[in-house]
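Here is what each chain is made of, one letter per residue.
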Amino acid sequence: MASPRNEPNRTAIYATALTAFFAIAGIAVVDPILPVIGEEIGASTWQIELLFTAYIAVMALGMIPAVMATGRFGYKKILATGVSLVAVAAVLAALSTSIGQLAALRGLWGLGNAMFFATAMVLLVSLANDREWVVELFETCVGLGFAVGPLIGGLLGGISWRVPFFVCGVFMLVALLVSVTRLKDPAEKPAPLRLGQVFHLFRKPGFLALAAVTAAYNFCFFVVLGYTPVFLGLDVVPLGLVFTAWGVGLAVGILVVGHRLAHRVGAVQTLGVAIVGVLVALVLLALDLGTAWSVVVLVGAGVFMGIANANLTDLSLALGDPDRRVTTGAFNLVRWGFAAPAPVIAGLLHPVSATAPFWLGAGILVLGVVVFVAFGHRMAGELGERVLWSRWNRRARAVEGTPEEALGEV
């Protein structure tokens, strides 16, 4: 990871990143306890998948209003409010008695995280001098959150599925304390934001191409995250350990591989490598080679997903609007909006075939690969990169500057 030299706001940056870790751990903690919740509450597969879909759908819908609210209230107040909502939702979820109550509270949880994610990355980039370092720090905390969350869910879920929710509530109270005492708004107050500014960004060809690829990829991401716990059929503690290994793979992809590979072959081509790797993993999961091999494939998929996540965030900032709130709102609307239906659709397909959700995900990701191959040169051209498979390389070469310079200027 890049050195945080010449960063006068390091305390605020680290506090925001720590809050991101707690927020993501709260998402992933549900993974190993999904089957147990289904058994104890008497919910079907698609109903327990509502715990993911309700969360993600509300998060997607709440993202743009949360971004727009920063113009009136500032980043810190919106972020702290979001963290508070998550803490309340997590504690109440531990007291729930039905799948409907749990789904509703996960929706409230999603609204809180929308307020957090709408502000965290913008706040980090606003406070930092080195954008690449702070993006890598944020994505690393995301990866570690995905690694630690299932471990907490697996170990504590062996006591009761309610305990991990209580622990998440405590985590978010700690995050609230950190955000209130350590975070600060940038010196320059954000200007008011109009809804039209967010949707206008989709008129940019490079960003639109990235959005299409992101939509397909994130649908598959949450097929893997939301449905694989049901597919593997493991007990709660082994399942927690398996998804911890997946989260470690995700962190390795972000921290060790993602940006290094991008510096060698360009961020656009690195994204292509990651998407193809995820596609291969989905096909192997769909072939159902046995539990042991499925676990190996899952961990490998985590590495490719980490590579994708590291570069998707950076590419969105590079291809987006100079006002990063606009970019955050538009990108996260796509990122979470297209992910939202994935868990429930996977749950509905489960009675048809245990592997049908993976085949569906592979089919959708094939469409993403087609879009990427057809329009990857649009993204590359705007960044001064080249894509080896495209006859439009000359357009990319005509853009001045190296990939690193292009990314660094945004």
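Residues numbered from 1 in each chain as written. Predicted model: local features only at pLDDT ≥ 70, side-chain atom pairs only at ≥ 80, totals over all residues. Heavy atoms only, no water.

### A short note on the overall build of the protein
Helix and strand content of the protein: 17 helices and 0 strands. If you line up the protein on its principal axes, its C-alpha atoms span 60 × 50 × 40 Å. When each of the 410 residues of the protein is scored for burial, the buried share is 59%. Taking the intrachain contacts of the protein between residues at least 6 apart in sequence as the baseline, contacts between residues at least 24 apart amount to 84%. For the protein, the exposed area adds up to about 15,300 Å²; of that, 66% sits on carbon and sulfur atoms. Across the protein, 25 positive and 22 negative side-chain charges occur, with their mean positions spaced 7 Å apart. (Helix = DSSP H or I, 4+ residues; strand = E, 2+ residues; numbered from the N terminus. Buried < 20%, exposed > 50% of the residue type's maximum accessible area, 1.4 Å probe, protein only. Contact = heavy atoms within 4.5 Å. Areas by Shrake-Rupley, 256 points an atom, 1.4 Å probe, with all protein chains shown as cover. Lys, Arg positive; Asp, Glu negative; His and termini not counted. Charge placed at Lys NZ, Arg CZ, Asp CG, Glu CD.)

### Side note on the packing of aromatic side chains
On inspection of all chains with the given rule, the structure shows 13 aromatic pairs. Taking 6.0 Å as the distance between ring centres and 65° as the angle between the ring planes, the aromatic pair formed by Trp109 and Phe165 counts as edge-to-face. Here Trp109 is found in helix H5 (residues 99-127), whereas its partner Phe165 is found in helix H7 (residues 162-182), with 56 residues between them in sequence. Across the pair, exposure class does not vary: Trp109 and Phe165 are buried alike. (Phe/Tyr/Trp six-rings, centres within 6.5 Å; stacked < 30°, edge-to-face > 60°.)

### Considerations on the nonpolar core
Burial of nonpolar side chains together is a common tendency in soluble globular proteins. Within the largest apolar cluster, 148 residues are counted, with the highest numbers of intra-cluster contacts made by Phe146, Phe165, Phe221, Phe222, Trp246, Leu271 and Leu365. Counting residues per element, this core draws most heavily on helix H9 (residues 205-232), at 19 residues. Residues from two domains meet in this core; each of domain 1 (10-193) and domain 2 (194-400) gives at least three. Residues contacting Leu271, with those up to four places away along its chain left out, are Leu210, Val213, Ala308, Leu312, Leu315 and Phe372. (Core = buried A, V, L, I, M, F, W, Y, C linked by side-chain atoms within 4.5 Å. Domains from an automatic or database assignment.)

### Re a nonpolar patch on the surface
Taken together, the side chains of Val276, Val280, Leu284, Leu287, Leu289, Trp293, Val296 and Trp359 present a nonpolar region at the surface, about 750 Å² in accessible area. Broken down by secondary-structure element, the contributors of at least two residues to the nonpolar patch are helix H11 (267-286) and helix H12 (291-319). The leading source of residues in the nonpolar patch is H11, at 3 residues. By the secondary structure assignment, Val276 is in helix H11. On the basis of relative accessible area, Val276 is assigned to the partly exposed category, the value being 41%. (Patch = residues over 30% accessible without salt bridge, like charges linked within 9 Å, V, L, I, M, F, W, Y side chains within 5 Å. Salt bridge = Lys/Arg side-chain N within 4 Å of Asp/Glu carboxyl O.)

### A short note on the domain arrangement of the protein
According to the domain assignment, the protein contains domain 1 (10-193) and domain 2 (194-400). Computed from C-alpha coordinates alone, the two centres of domain 1 and domain 2 are separated by 20 Å. Facing the 50 residues of domain 1 at the interface are 52 residues of domain 2. Summing both sides of the interface, domain 1 and domain 2 together bury roughly 4,300 Å²; the carbon and sulfur share of this comes to 74%. In this structure, the connection of domain 1 to domain 2 is made through 0 salt bridges. At the junction of domain 1 with domain 2, the criterion picks out 3 residue pairs in polar contact (both at pLDDT 80 or more). Every element with two or more residues in the side of domain 1 that touches domain 2 is listed here: helix H2 (34-41), helix H3 (45-73), H5 and helix H6 (131-157). Here the element with the most residues in the side of domain 1 that touches domain 2 is H3; it accounts for 17 residues. Grouping the constituent residues of the side of domain 1 that touches domain 2 by class yields 34 nonpolar, 10 polar and 6 charged. (Buried area = accessible area lost by both parts, 1.4 Å probe. Polar contact = N/O pair within 3.5 Å; in protein donor to acceptor, adjacent residues only side chain to side chain. Nonpolar A, V, L, I, M, F, W, Y, C, P; charged D, E, K, R; others polar.)

### Remarks on the packing of H6 against H7
Here H6 crosses H7 at 135°, and the two axes come no closer than 8 Å. Taken together, the axes of H6 and H7 are oblique relative to one another. Pair H6 / H7 crosses with right-handed handedness. Residue-level contacts link Ile152, Gly153, Leu156 and Gly157 of H6 to Val163, Pro164, Val167 and Phe171 of H7. Its residues assigned to classes, the contact of H6 with H7 shows 6 nonpolar, 2 polar and no charged. (Axes fitted to C-alpha atoms, helices over the stretch in contact; angles between N-to-C directions. Parallel < 35°, antiparallel > 145°, perpendicular 65-115°, else oblique. Left-handed = near helix turned anticlockwise from the far one by under 90°.)

### Regarding the environment of Leu365
With respect to the element layout, Leu365 can be found in helix H15 (residues 356-383). When its relative accessible area of 0% is taken as the criterion, Leu365 is described as buried. Between the alpha carbons of Leu365 and Gly38 there is a distance of 29 Å; along the sequence they are 327 residues apart. Residues within four places of Leu365 in sequence aside, it is in contact with Ala216, Tyr217, Cys220, Ile275, Val278, Leu279 and Leu282.

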